[in-house]
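Here's the letter readout for the chains.
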Amino acid sequence: MASSSSWQPAQEGVQQVGQLLQEYIQPNANQQLMYQRLQECSKFPDFNSYLALILCKGDGTYGDDVRQTAGLLLKNNLKTTWQFSEEPHESFIRDALTGSMTHPSRIVRRVVGTSLAICVRQKGWQSAPQLWQLIAENLDASKDPNALDGALDALYKICEETNGYLESDVATANQVGLPECPASLVIPKTLQLFGHPDGKVRQSAIAILNMIAPSWPREKRDVLDDYLRGLFALAHDPDDVARKYVCQGLVQLLHIAPEKMTPNLREIITFMLERQTDPDPDVAVESCEFWAAFVEADLEPESVNILREFTPHLIPVLLTNMAYEEDDEEVLQAEEDELNADRPDRDQDIKPTFRAQKDKSFGEGGKDGDEEYDDDDDDD
């Protein structure tokens with residue numbers, strides 16, 4: 001495989017692309033013309049490498065606004081070109097992005113994480129084995145906070161792009177030089193962050209494991225107990241988003257490992273009932289998913305009987321918290337009409353109706369049909 005040094009940028013090329021980006025972000029720029037020029041540049045195989053260079057190695061030469069623009073253009077290009085990229089550009093771009101996860105600028109780290117997620121989605125996690133080792137190392141909370149932030153951001157976005165599917169057998173991981181699959185590498189380090197003092201870090205850690213949960217690695221099955229204990233420990237977290245993710249995590253566990261929930265099922269049901277009246281509406285809505293998951297889960301009869309103990313309290317809470325969309329009443333009425341289709345009409349169903357006052361103006365300057373059509377629009 002060619003090394004990242006195989007591609008050497010031309011100084012003239014760097015200057016031309018940099019100048020183009022600076023013109024592009026000017027408020028009075030002709031956006032249509034600039035977009036056409038950028039599209040023309042995208043046809044050159046080294047354009048993405050120049051964008052990666054400016055994004056990741058433009059310190060002291062370009063401001064964050066120019067570098068962010070370079071990164072966003074790179075991300076958009078990678079969506080359509082990364083799958084077909086070849087050496088030496090692939091190595092250069094991948095190495096530049098991986099090495100910039102710890103960049104001092106948060107703006108740069110964010111765009112780098114987004115671009116890395118696109119790369120992994122397009123070519124699979126096996127295409128960047130060094131990325132996973134670096135993410136696992138940087139998830140150490142005692143390291144540079146920029147490194148931790150960059151690792152969490154990249155991992156979260158990768159999980160979003162891949163639906164959390166970072167699992168494989170050990171043999172497949174060994175083939176690309178990893179001791180185990182990416183999910184197995186990051187799960188223990190991410191679990192440790194459940195106790196981090198920064199609420200944003202706790203949010204990200206819970207959300208990442210929630211996304212990984214549906215494809216939890218078999219060799220880490222025993223760690224599910226630690227995952228459950230970590231969620232319990234954050235059940236009353238002062239951070240609203242963290243509590244929402246706790247509810248989401250318990251729902252995921254109910255889907256993938258209901259047997260882990262059984263010993264503490266009463267406590268979990270009690271917690272979910274409490275969250276139904278959580279001051280934060282997003283938390284309350286997320287907790288509602290638990291009851292649907294409970295019905296679908298493969299639970300023993302004893303577990304179902306435990307829920308029955310709570311129904312006198314659960315049903316009133318659910319009814320109190322029911323909310324209807326604007327069109328729900330129309331849907332309910334349509335369902336009722338369908339059920340009553342074979343029943344004889346009652347007197348009140350067939351009593352005469354009268355045109356609205358608005359329709360009486362027909363013949364006084366109104367146009368035939370327009371009034372009824374407009375009235376329907378108003379109702380919409």
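Residues numbered from 1 in each chain as written. Predicted model: local features only at pLDDT ≥ 70, side-chain atom pairs only at ≥ 80, totals over all residues. Heavy atoms only, no water.

### Considering the overall build of the protein
Helices and strands together make up the secondary structure of the protein, namely 20 helices and 0 strands. Considering only residue pairs separated by 6 or more positions, the protein has 68% of its internal contacts joining residues 24 or more positions apart. Here the protein has roughly 21,100 Å² of accessible surface; of this, 49% comes from carbon and sulfur atoms. (Helix = DSSP H or I, 4+ residues; strand = E, 2+ residues; numbered from the N terminus. Contact = heavy atoms within 4.5 Å. Areas by Shrake-Rupley, 256 points an atom, 1.4 Å probe, with all protein chains shown as cover.)

### So, the packing of helix α13 (residues 240-256) against helix α16 (residues 281-296)
Across the interface, α13 lies against α16 with an axial gap of 9 Å and an inter-helix angle of 5°. Taken together, the axes of α13 and α16 are roughly parallel relative to one another. Residues Asp240, Arg243, Lys244, Cys247, Gln248, Val251, Leu254 and His255 of α13 form the contact with α16, whose participating residues are Asp282, Val283, Glu286, Ser287, Glu289, Phe290, Ala293, Phe294 and Glu296. Along the lines of polarity and charge, the residues of the contact of α13 with α16 split into 7 nonpolar, 3 polar and 7 charged. (Axes fitted to C-alpha atoms, helices over the stretch in contact; angles between N-to-C directions. Parallel < 35°, antiparallel > 145°, perpendicular 65-115°, else oblique. Nonpolar A, V, L, I, M, F, W, Y, C, P; charged D, E, K, R; others polar.)

### Topic: the environment of Thr69
Within the secondary structure layout, Thr69 lies in helix α4 (residues 64-81). Taking C-alpha positions, Thr69 is 8.9 Å from Leu51, a pair spaced 18 residues apart along the chain. Dropping the residues within four chain positions of it, Thr69 is found in contact with Leu21, Tyr24 and Ile25.

### Structural notes on the packing of aromatic side chains
The final tally for this structure, using the stated rule, is 5 aromatic pairs. With centroids separated by 5.1 Å and ring planes inclined at 80°, the aromatic side chains of Trp7 and Tyr50 adopt a geometry described as edge-to-face. A residue pair is termed long-range when its members are at least 10 positions apart, and Trp7 in the segment before α1 (11-24) and Tyr50 in helix α3 (residues 47-57) qualify at 43 residues. Summarising the burial analysis for this pair, Trp7 and Tyr50 share the class buried. Here Trp7 and Phe92 contribute two aromatic rings whose centre-to-centre distance is 4.7 Å and whose plane-to-plane angle is 65°, an arrangement assigned as edge-to-face. On the criterion of sequence distance, the pair formed by Trp7 in the segment before α1 and Phe92 in helix α5 (residues 89-99) is long-range, its members being 85 residues apart. The same class applies to Trp7 and to Phe92, which are both buried. Ring-pair connections join several aromatic residues into one group, and the members of that group are Trp7, Tyr50 and Phe92. Above the plane of the ring of Trp82 lies Lys123, whose end atom (NZ or CZ) is 5.6 Å from the centre. (Phe/Tyr/Trp six-rings, centres within 6.5 Å; stacked < 30°, edge-to-face > 60°. Buried < 20%, exposed > 50% of the residue type's maximum accessible area, 1.4 Å probe, protein only. Lys NZ or Arg CZ within 6 Å of the ring centre and 35° of its normal.)

### Comments concerning the pattern of salt bridges
If you walk through the whole model with that rule in mind, you get 20 salt bridges. Between Asp149 and Arg110 there is a salt bridge; the shortest N-O distance is 2.8 Å. Of the two residues, Asp149 sits in helix α8 (residues 145-162) while Arg110 sits in helix α6 (residues 106-123), which places them 39 residues apart along the sequence. Take Asp149: its relative accessible area is 23%, and that puts it in the partly exposed class. The salt bridge involving Arg202 is made with Asp237; its shortest N-O contact spans 2.7 Å. One end of the pair, Arg202, is in helix α11 (residues 199-212); the other, Asp237, is in the loop between α12 (224-233) and α13, and 35 residues separate them in sequence. Residues Arg202 and Asp237 agree in their burial class; the two are buried. (Salt bridge = Lys/Arg side-chain N within 4 Å of Asp/Glu carboxyl O.)

### Looking at unusual backbone geometry
With an omega dihedral of 5°, the bond running from Glu87 to Pro88 counts as a cis peptide bond. Checked against the element boundaries, Pro88 lands in the loop between α4 and α5. One non-glycine residue, Asn163, adopts positive backbone phi at about 55°. Within the secondary structure, Asn163 sits in the loop between α8 and α9 (170-175).

### Focus: the side chain of Gln122
Mapping Gln122 onto the fold places it in helix α6. Aside from chain neighbours lying at most four places away, what touches Gln122 is Leu78, Lys79, Trp82 and Gln83.

### Here we look at a nonpolar patch on the surface
On the surface, Ile315, Leu319 and Met322 cluster together to form a nonpolar patch covering roughly 300 Å² of accessible area. Structurally, the position occupied by Ile315 is in helix α17 (residues 301-321). Accessibility expressed as a relative area gives 46% for Ile315, which makes it partly exposed. (Patch = residues over 30% accessible without salt bridge, like charges linked within 9 Å, V, L, I, M, F, W, Y side chains within 5 Å.)

### Details of the confidence of the model for the protein
Mean pLDDT over the protein works out to 87, with 86% of the residues at or above the 70 mark. When the criterion is pLDDT under 50, residues 354-380 qualifies, and its contacts beyond four places in sequence or with other chains add up to 12 contacts. (pLDDT = per-residue confidence, 0-100.)

### Things to note about α17
In a regular helix each residue adds 1.5 Å, so 21 residues correspond to 30 Å; α17 covers 28 Å between its end C-alpha atoms and thus fits that length. Where α17 bends most, at Thr311, the angle is about 60°, and the proline Pro312 comes one to four residues later. Buried residues in α17 make contact with α15 (265-275) and α16. (Expected span 1.5 Å × (residues − 1). Bend = angle between axes of the 7 residues up to and from the residue.)

### Concerning the nonpolar core
Core analysis: the largest hydrophobic core is formed by 105 residues, its most contacted members being Trp132, Ile135, Tyr227, Ile269 and Phe290. Among the elements that make up this core, the one with the highest residue count is α13 (9 residues). Contact partners of Trp132, with chain neighbours within four places excluded, come to Val120, Trp125, Leu155, Ile158, Leu166, Leu178, Pro182 and Leu185. (Core = buried A, V, L, I, M, F, W, Y, C linked by side-chain atoms within 4.5 Å.)

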